[in-house]
Structures are given as structure tokens and as C-alpha cells.
Amino acid sequence: MRPLLLSHFTATSCIGQGLQPTLAALQAQRSGLQPCDFDSVDLATWTGTVEGLDDEVLPAALQAYDCRNNRLAQLGLRQDHFDEAVQALASRIGRKRIGVFLGTSTSGILQTEMAYRQLDPVTGKLPDSFKYATTHNSFSVTSFVREFFQLEGPAMTVSSACSSSAKVFASARRMMAAGLIDAAIVGGVDSLCLTTLYGFNSLGLTSTRACRPFDAERDGISIGEAAAFALLEWAPEHLDGKDVLLLGVGESSDAHHMSSPHPEGLGARMAMQSALDMAGLAAADIGYINLHGTATPSNDAAETKAVVALFGSGTPCSSTKGATGHTLGAAGGVEAVISALALQNGLLPGGLNTQVLDPALPLNYLLENRDDAVTRVLSNSFGFGGTNCSLVFGRAG
């Protein structure tokens, strides 16, 4: 495939708002997870909360979109001059030639939860102030970002659970390859709500501690929230040595179970192999793998089998969810940005909270940061229903 340039990118999560705070937290091996104190939740679990969302105010013209998820989107768009970069590009190539492709799983569910607290006791009617289409609806965040920049190109939301904001890179690439657009905003936004916290708890998937990916005693996820964005353009002839390129995308479906991965990781392996094939690379060309690594027993075991089958046990790898938590529909976007930071800064981030690696998972799993100027990395995102996506990024030069 013709490489795509990540001309600008940014991430906002519990470890920081913008690239420099995010990088500083990774370098210091500092987690943003804390015991859950979100809203009225009464669960023994840990979460990754983005500070300041209640203080974020949407423009008057966009008040119909007001919800936690869209406030998080706006907060993320304002970091690292990302909003200015989009406006500059729109002025150069036109607003019809920029697409918007975002992933989310929760969208604005919290807004609906709040509305149900205000049900009319007689009629059961939801309050008139509740606007489902521009808040809860999965397309809400994509529509909000499109309106925020007054863009006129194609727009879509991908909601495929935890692979959502990885798969948008594939959607944008196809649109660009078809000649329908010349650039795209991709990424994902997911915010905390009671439905996911209590839902994952009811499935027995949340840990009572900060999550410990690939630990011998791992027992579940820690849910986080985040917004991550990248601006994709065709790579120019001349590149800076620190430019980050999207080299390959691989997608697959397990078709195995609604909430459990294929036990041998067959779909995950197919996605990784497809990404390598598109990039024209061999497994040995990858210097680091950002694992999906949710810290559930079945997920980490299945991913290990897939990675070992394709890469063997030597490739350095880690999960960064011990720092950010599992940001669900935003995870692919967040970890794409972390992969880009790894390429630009020669930093392979060590996995946090893991104490004793599971001896049954024979990976070269990093518990401490490693300085290594790798030129190719792979990032995995696997979701409920067996929806898998792997991305290969490379450093120019």
C-alpha cells in the first residue's frame, strides 16, 4: 500500500492531555489508574478518569451535542494544536476533501443514564432536554467533530467494541485509495459511564486492583476514558526523519464467540499477518508490539498464542493498559499514538502493575522501559465478537 503520513496526532487520557504529558508519564512509568469514584458507582474497581471534563464548555452553536463524550472529544481536539492543523489543511485542500472516521463504543450513554434519573413519574417520559441523536447516538461524536470543523467530506462511526478506533484507519485508507478524499481525521473517543462499569463487572471482567496485563495472577480490566486523533494524508516525496507512517492494516473476525476470543488466537494472527502483508514486511522487521493486553486471563493467553505463532518469543512487547486503563472504543487510537511516540522517541514502554509474568505466556514482555530506536511497530486491538485489527507504523528514514 502507498504509505499514509500521520501529519498530526494527539491523545488525551488519564495519564495526560496531549503528547508531552503522555510521553512524560510513559517515560516515568506512571499510571493514571485510581480507585473508582466515578459518579454514583459503588464497585471495588479502578478507573482511568480524564480530569476537567465538567469544566469543558462546547460552543453555543454546538450545545445540542453537549455530553461527556463530546466534551472529551473537544478537549482532545484542542491539544497539540490539532484543531489548528485541521483548519489549515481544510483551507488548503477544501472541506469536502477531508473525511472523519471515528471509533466509539459507549458514545454518550452517560447522557441517557442521567436522563433516566429524570423520568416523569407519571408518564415515564424522558426530559425534553434529552437529545438522543446528538448525544447518545454512536454517530454523535463523529457528527460533532465534523461540525466542529465545518467539514463536508464523508463521515462515519465504527463501533466494533475495542477494535473500533483501530479499524477507522482502514476505513480512511480505503476512502483515500478510492479517490473520494485526500485526507482524514481518524481516532476514537470513549468516556466513562455506569453501563460499562457495571456491565463488565457483571461479566466478571473487572479487577479489584489496577489491571496487571500478562501477570500470573491477572484477574481483569480497569476501564478508562480517552480521546485520540490523527490526521492522515498521503505521504509526500520528502519526509522528515521523525515522520510516522501508516504502513499496513489488517482486519479479521474470529466468528467464535460474542465475548471471548478464539482460544488459539486465530483471528488475531490473521489480522497481524494481513497488516504485515500490506506493509510488505516480515515478522522479523517489527521492533516492538503494543499488545491489546487487557489483563483478562483468556484475552492475554489467546493473544500470546497468536503472537508466538507469528513472531516467536523474541520480539519486545508490552501492554500500555496498565497506564491508561482499557479505553474501549478509544483504545486503538490511543495506542496508535503511543506507538507513534515510541517510534519518534526510541522508547519501548514497560508494562505497568505486572509483578510476576505468567510463565505460561512465553513473550519478551517488557516490565521496564527500554531505549531502542526501532523503525517499525505493530499495534493490536481486539474486540468483543472477535473483531480484530492490527496496525503497522513506521518511522520515515
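Here is what the cut-offs are and how they apply
- Along each chain, residue indices are assigned from 1 in the same order as the chain's sequence is written.
- Where local features are concerned, this predicted model is filtered to residues with pLDDT of at least 70; where side-chain atom pairs are given and counted, the filter is 80 or more; whole-chain, interface and lining totals use all residues.
- The side-chain values count all of the structure's non-hydrogen atoms but skip hydrogen atoms and water molecules.
- Secondary structure counts use DSSP, requiring at least four H or I residues in a row for a helix and at least two E residues in a row for a strand, with both numbered from the N terminus.
- Multiply 1.5 Å by the residue count of a helix minus one, and that product is the helix's expected span.
- Relative accessibility decides the category of a residue: with a 1.4 Å probe and only protein chains considered, values under 20% of the type maximum give buried, values over 50% give exposed, and everything between is partly exposed.
- Here, residues are in contact when the closest pair of their heavy atoms is within 4.5 Å.
- Note on aromatic contacts: the rings of Phe and Tyr and the six-membered ring of Trp form a pair at centre separations within 6.5 Å, being stacked when their planes are under 30 degrees apart, edge-to-face when over 60 apart, and tilted otherwise.
- Interaxial angles span 0 to 180 degrees and are taken between N-to-C directions of axes, which are lines fitted to C-alpha atoms, for helices over the stretch in contact.
- Working rule for angles: under 35 degrees goes down as roughly parallel, over 145 as roughly antiparallel, 65 to 115 as roughly perpendicular, anything else as oblique.
- Residues are grouped as follows: Ala, Val, Leu, Ile, Met, Phe, Trp, Tyr, Cys and Pro are nonpolar; Asp, Glu, Lys and Arg are charged; all remaining types, including Gly, are polar.
- The rule for a salt bridge is simple: a side-chain nitrogen of Lys or Arg has to be within 4 Å of a carboxyl oxygen of Asp or Glu.
- Throughout, nonpolar core names a set of buried Ala, Val, Leu, Ile, Met, Phe, Trp, Tyr and Cys residues whose side chains join them through atoms within 4.5 Å.
- Note on pairing: DSSP must find at least two bridges between two strands before they are called paired.
- Crossing handedness is read from the near helix: turned anticlockwise from the far helix by less than a right angle, it gives a left-handed crossing, and turned clockwise, a right-handed one.

Its 15 residues place the ends of helix H9 (residues 297-311) 21 Å apart at the C-alpha level, agreeing with the 21 Å of an ideal helix rising 1.5 Å per residue. Among the residues of H9, Asn299, Asp300, Ala302, Glu303, Thr304, Ala306, Val307, Leu310 and Phe311 are the ones counted as buried. Contact partners of the buried residues in H9: helix H8 (266-279), strand E11 (288-290) and strand E16 (376-383). The first or second residue beyond H9 is Gly312, which carries a positive phi of 75°.

What follows deals with helix H7 (residues 194-202). Turning to H7, its buried residues are Leu194, Thr196, Leu197 and Phe200. At the exit of H7 stands Gly204, carrying a positive phi of roughly 75°.

Moving on, we come to the packing of aromatic side chains. Two aromatic rings are characterised by how far apart their centres lie and by the angle between their planes. One pass over the structure, following the stated rule, counts six aromatic pairs. Pairing Phe169 with Phe393 gives two aromatic rings, centres 5.9 Å apart and planes at 80°, and the pair type is edge-to-face. Of this pair, Phe169 sits in helix H6 (residues 164-177) while Phe393 sits in strand E17 (residues 387-395), placing them 224 residues apart in sequence. Each member of the pair, Phe169 as well as Phe393, carries the same accessibility label: buried.

Across the interface, helix H1 (residues 19-27) lies against helix H11 (residues 331-345) with an axial gap of 11 Å and an inter-helix angle of 75°. Judged on the interaxial angle alone, H11 and H1 are roughly perpendicular. Contacts between H1 and H11 pair Leu19, Thr22, Leu23 and Leu26 from the former with Val337, Ile338, Leu341 and Asn345 from the latter. Residue composition of the contact of H1 with H11, grouped by class: six nonpolar, two polar and no charged.

Note on pairing: side chains with opposite charge can pair once their charged atoms come close. Scanning the model with the defined rule gives 13 salt bridges in all. Notably, a salt bridge pairs Arg218 with Asp300, separated by 3.5 Å at the nearest N-O pair. Residue Arg218 is found in the loop between H7 and strand E8 (223-224), and its partner Asp300 is found in helix H9; the two are separated by 82 residues along the sequence. Under the relative-accessibility criterion, Asp300 is labelled buried at 0%. Across the pair Lys321 and Glu335 runs a salt bridge, and its minimum N-O distance is 2.8 Å. In this pair, Lys321 sits in helix H10 (residues 321-324) while Glu335 sits in helix H11, placing the two residues 14 residues apart along the sequence. The pair formed by Lys321 and Glu335 is uniform in burial state, with each residue classed as buried.

Here we take up the nonpolar core. Leu6, Phe169, Val186, Leu232, Leu246, Leu391 and Phe393 are the most contacted members of the largest nonpolar core, which totals 47 residues. It is H11 that contributes the most residues to this core, seven residues altogether. Sequence-distant contacts of Leu391, defined by excluding residues within four places in its chain, comprise Ala166, Phe169, Leu246, Gly248, Val249, Ala336, Val377, Leu378 and Ser379. Membership of the second largest hydrophobic core comes to 28 residues, among which are Leu62, Ile98, Val145 and Leu231.

The next thing to look at is the pairing of strand E9 (residues 226-234). Residues in a regular strand point their side chains to alternate faces of the sheet. Here E9 lies mainly inside the structure; eight of its nine residues are buried. Bridge count between strand E1 (residues 4-13) and E9: eight bridges; the pairing is antiparallel. Opposite Leu4, over in E9, you have Trp234 as the bridge partner. Strand direction decides the pairing type here: strand E7 (residues 183-190) and E9, joined by eight bridges, are antiparallel. In the sheet register, Gly188 faces E9, and the bridge partner there is Ala228.

What follows covers the packing of helix H2 (residues 68-77) against helix H5 (residues 140-149). Orientation of H2 relative to H5, taken along the N-to-C sense of each, is 45°, at an axis distance of 10 Å. Here H2 is positioned oblique relative to H5, judged by the angle of their axes. In this structure, the crossing between H2 and H5 has a hand that is right-handed. Along the contact surface, H2 presents Asn69, Asn70, Ala73, Gln74 and Leu77, while H5 presents Ser140, Val141, Phe144, Val145, Phe148 and Phe149. A per-class count over the contact of H2 with H5 returns seven nonpolar, four polar and no charged.

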